[in-house]
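Here are the chains, one letter per residue:
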Amino acid sequence: MTFLKTIAVAALMTATAGSAIAQEASKLQQVLDRGYLILGTGSTNPPWHFIDSDNKLKGFDVDMGRLVAKALFGDPDKIEYVQQSGDARIPNLVTDKVDLACQFMTVTAERAQQIEFTIPYYREGVGLLQMEGGEYADYEALKAAGSDVTVAVLQNVYAEEMVHAALPEAEVDQYDSVDLMYQALNSGRADAAATDQSALRWFMVKNPGRYHDAGYGWNPQSYSCGVKPGDQRWLNFVNTVLHEGMTGVEFPFYADSFKTWFGTELSVPQIGFPVEYK
Amino acid sequence: MNFSLFLTELWNARMNLLAGLGDTVLISVASVLLGTFLGVFVGLAMTYGNKPTRFGVRLYIDFLRGTPVFVLILACFYILSVVGLDLSAFQAGVLALTMFCSSHVGEIVRGALKAIPAGQTEAAKSIGLTFGQTFAYVLLPQALRQILPTWVNTATEIVKASTLLSIIGVVELLLATQQVISRTYLSLEFYLFVGFVYFILNFLIEQAGRAVERRISIP
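Residues numbered from 1 in each chain as written. Chains lettered and ligands numbered in written order. Predicted model: local features only at pLDDT ≥ 70, side-chain atom pairs only at ≥ 80, totals over all residues.

Asker: How do you make sense of the overall build of chain A when you look at a structure like this?
Answerer: Of regular secondary structure, chain A possesses eleven helices and twelve strands. If you line up chain A on its principal axes, its C-alpha atoms span 80 × 50 × 40 Å. When contacts within chain A are restricted to residue pairs at least 6 apart in sequence, long-range pairs at least 24 apart make up 66% of them. (Helix = DSSP H or I, 4+ residues; strand = E, 2+ residues; numbered from the N terminus. Contact = placed C-beta atoms within 7 Å.)

Structure follows, in structure tokens:
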């Protein structure tokens, strides 16, 4: 019995000592020593993370990782990508398979109990895509037309409810895939397609002049990168990098990426009094 | 279906798809070979082992066969890394498929050996063959004829199960295809295409199995 106790105590002491050392050496130092960042992201969702026709992983999530790599090594390409599925985002962080996950991760309280979120780098929402020169000019016209309007949406349990939150009387047609949804809009079966603002913007970037945004967004959700909990130093570092991307010295990098994937030119953060407190 | 657009995109993505195919073949070949090797020992232990060995191996087989491959893959990747064995996604995937394959091959081998009348082993013993010799010259050649058809079945199962490795981030053929689809939206065309490629792979395995069967069959 005493022997077992000794072993148990020894094991406990080793474990505590181990975690004490781990706390001293921040992920930041580990990554710097390693010489490259291990970024967890997906590979099948443009414009967030996808393999482009030149066989490279690209997208807005990827650019956020590149921003962090640039801050670490002065070189945005010093990244090893782990092309993970959406389900793997949290497990891969918790088991140290990746240093950082930037994969259009919606900030929720449940997730925040398992990992730590950085500051958000994008606010996602649902928007309405319309054909240029179509019957209804914008959101107001769609809303005024009431039940005459048909909206195409990706099949989903909450699809009907989601559309009705913006257009209470509209007909809702659900489609199996994104291409079918856009097909419905092109062929005039639907007057508008309701989809994520980012997807809608990307589609407009890919097909300039054919479509426009009805000008109304709803269902807000924040997208943040995630890190393994318990390493404040590393979290602060990534937060600082993202923050300065959106407001400081790296603004051109962030704005350039934003323009590429969402087609919108961002205005330069106001000089003088910090924008955060306005 | 837009055929010419599909061909253009297929040509554009050829290197990625080939790399994916390479990974799929490598994963399948490694898992089937290792799994078969391990499986033969599992089968032998099930047939000739003493009671505690048989009980342990039975647990191993039942546990692996009773668990979805998907869960096995996740367990090999995540649970092992918590324990301190940090395998890459590729290694963890091959390990999971190897274990899955070995449990099936183990059952196949056990069944095949059990089907050979005990009198043959006794006869081999009486003329002074060692167990190794008995196995290699008397039992295995006969068992192989039983094993092959079901073994081919297991091998094709492994090829199909390799698609599940995409969940832990191995870019095998299916994930490589999904990456192309996400850019081009040509879902129907590319899924049909990749389905055809998997069929060809499994057809080749089946034909190879048939060829071996012909060689070892009693004339």
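Asker: Teacher, can you tell me more about the overall build of chain B here?
Answerer: Within chain B one finds nine helices and zero strands. Taken along its principal axes, the extent of the C-alpha atoms in chain B is 70 × 50 × 25 Å. The proportion of buried residues among the 219 residues of chain B is 36%. Restricting the contact set of chain B to residue pairs at least 6 apart, pairs at least 24 apart contribute 79%. (Buried ≥ 20, exposed ≤ 12 C-beta atoms within 10 Å, placed from the backbone.)

Asker: Would you explain the interface of chain A and chain B in this entry?
Answerer: One frequently used descriptor of interface size is the decrease in accessible area upon assembly of the parts. With 20 residues of chain A in contact, the opposing surface of chain B contributes 17 residues. Residue assignment for the side of chain A that touches chain B shows that the elements contributing at least two residues are strand E2 (44–45), strand E3 (49–51), strand E5 (79–83) and helix H8 (178–186) of chain A. The residue makeup of the side of chain A that touches chain B, split by class, is seven nonpolar, ten polar and three charged. (Nonpolar A, V, L, I, M, F, W, Y, C, P; charged D, E, K, R; others polar.)

Asker: Just checking my understanding: could you explain the confidence of the model for chain B for this structure?
Answerer: Do not read the fine detail of predicted coordinates wherever pLDDT is low. Within chain B, residue pLDDT values average 91, and 100% of them lie at 70 or more. The ipTM value of the predicted complex is 0.79, and its pTM value is 0.83. (pLDDT = per-residue confidence, 0-100.)

Asker: Which parts of the structure should I look at to understand the packing of helix H7 (residues 131–161) of chain B against helix H9 (residues 187–216) of chain B?
Answerer: Two quantities define a packed helix pair, namely the angle between the axes and the distance from one axis to the other. Residues and elements named next belong to chain B. One can describe the packing of H7 onto H9 by two numbers: an axis separation of 10 Å at closest approach and a directional angle of 170 degrees. The angle between the axes of H7 and H9 places the two elements in the roughly antiparallel class. Contacts from Leu144, Arg145, Leu148, Val152, Ala155, Thr156, Val159 and Lys160 of H7 reach H9 at Tyr198, Leu201, Asn202, Ile205, Glu206, Gly209, Val212, Glu213 and Ile216. Here the residues of the contact of H7 with H9 are counted per class, giving ten nonpolar, three polar and four charged. (Axes fitted to C-alpha atoms, helices over the stretch in contact; angles between N-to-C directions. Parallel < 35°, antiparallel > 145°, perpendicular 65-115°, else oblique.)

Asker: Sorry, what's going on with the UniProt feature "domain: ABC transmembrane type-1" (unreviewed entry) in chain B here?
Answerer: According to UniProt, the positions carrying the feature "domain: ABC transmembrane type-1" (unreviewed entry) are residues 21–209 of chain B. Span residues 21–209 of chain B is 84% helix and 0% strand, its end C-alpha atoms 21 Å apart. (UniProt positions renumbered as here; feature names shortened; annotations may be inferred.)

Asker: Looking at this structure, how should I read unusual backbone geometry?
Answerer: Both trends apply: most residues other than glycine have a negative phi, and most peptide bonds are in trans. All names here are of chain A. Note the cis peptide between Pro46 and Pro47, where omega equals 5 degrees. Mapped onto the elements of the fold, Pro47 is located in the loop between E2 and E3. Non-glycine residue Asn55 carries a positive phi angle of around 65 degrees. Tracing the chain through its elements places Asn55 in the loop between E3 and strand E4 (57–58).

Asker: Just to check I follow, could you spell out the sheet that holds E4(A) for this structure?
Answerer: If you trace the three strands from one edge of the open sheet to the other, you get E2-E3-E4 (chain A), paired in antiparallel fashion. Each edge of the open sheet is held by one strand with a lone partner, namely E2 and E4 of chain A. Sheet topology places E2(A) next to E3(A); two bridges connect them, and they run antiparallel. Residue pairing across strands places Asn45(A) opposite His49(A), the latter belonging to E3(A). Where helix H8 (residues 173–184) of chain B meets the sheet, it contacts E2 and E3 of chain A, and its direction lies at approximately 105 degrees from that of E3(A). (Pairing = 2+ DSSP bridges.)

Asker: Mind showing me how you'd approach the UniProt feature "transmembrane region" (unreviewed entry) in chain B here?
Answerer: Residues and elements named next belong to chain B. Taking the numbering used here, the UniProt-annotated feature "transmembrane region" (unreviewed entry) corresponds to residues 25–48, 69–90 and 188–205. End C-alpha atoms of residues 25–48 are separated by 34 Å, and the span's content is 100% helix alongside 0% strand. As annotated, residues 188–205 has a helix share of 100% and a strand share of 0%, and its two end C-alpha atoms lie 26 Å apart.

Asker: I would appreciate a short explanation of the packing of helix H2 (residues 14–48) of chain B against H7(B) in the present structure.
Answerer: All names here are of chain B. H7 packs onto H2 with a crossing angle of 140 degrees between their chain directions and a minimal axis gap of 9 Å. Our classification of the angle between H2 and H7 gives oblique. Helix-helix and strand crossings are classified by hand; for H2 and H7 the assignment is right-handed. From H2, Ser28, Ser31 and Val32 reach across to H7, where they touch Ala155, Ile158 and Val159. Here the residues of the contact of H2 with H7 sort into four nonpolar, two polar and no charged. (Left-handed = near helix turned anticlockwise from the far one by under 90°.)

Asker: Help me understand the domain arrangement of chain A in this model?
Answerer: Residues and elements named next belong to chain A. The domain boundaries assigned to chain A delineate domain 1 (3–115 + 228–277) and domain 2 (124–220). Computed from C-alpha coordinates alone, the two centres of domain 1 and domain 2 are separated by 33 Å. The class makeup of the residues in the side of domain 1 that touches domain 2 is five nonpolar, two polar and no charged. (Domains from an automatic or database assignment.)

Asker: Quick question: what am I supposed to make of the pairing of strand E7 (residues 116–131) of chain A here?
Answerer: Residues and elements named next belong to chain A. Sheet topology note: the E7/strand E12 (residues 218–227) ladder contains seven bridges and is antiparallel. Along E12, the bridge assignment pairs Glu116 with Val227. Here E7 runs beside strand E10 (residues 192–196); their pairing, made up of four bridges, is antiparallel. Bridge pairing in E10 links Leu129 to Ala193. Bridge analysis of E7 against strand E11 (residues 211–213) gives three bridges, and the strand direction is antiparallel. Across the sheet, the residue bridging to Gln130 is His212, located in E11.

Asker: Looking at this structure, I do not really get the environment of Arg210(A). What am I missing?
Answerer: Residues and elements named next belong to chain A. Mapped onto the elements of the fold, Arg210 is located in the loop between helix H9 (197–206) and E11. What makes Arg210 partly exposed here is the crowd of 14 C-beta atoms within 10 Å. For the pair Arg210 and Gly133, spaced 77 residues apart in the sequence, the C-alpha separation amounts to 8.7 Å.

Asker: Where do I start with the nonpolar core in this structure?
Answerer: When a protein is soluble and globular, its nonpolar side chains tend to lie buried together. One finds Val68(A), Leu100(A), Val151(A), Ala152(A), Ala192(A), Ala193(A) and Val238(A) to be the most contacted residues of the largest nonpolar core, which totals 60 residues. Built from parts of two domains, this core gets at least three residues from each of domain 1 (3–115 + 228–277) and domain 2 (124–220) of chain A. If you look at the next biggest cluster of nonpolar residues, it comprises 45 residues, including Val32(B), Ile73(B), Ala89(B) and Phe100(B). (Core = buried A, V, L, I, M, F, W, Y, C linked by C-beta atoms within 7 Å.)

Asker: Would you explain the environment of Tyr191(B) in this entry?
Answerer: Residues and elements named next belong to chain B. By the element assignment, Tyr191 lies in helix H9. For Tyr191, a count of 14 C-beta atoms within 10 Å translates into the label partly exposed. Note: C-alpha distance between Tyr191 and Ile108 (83 residues apart in sequence) is 33 Å.

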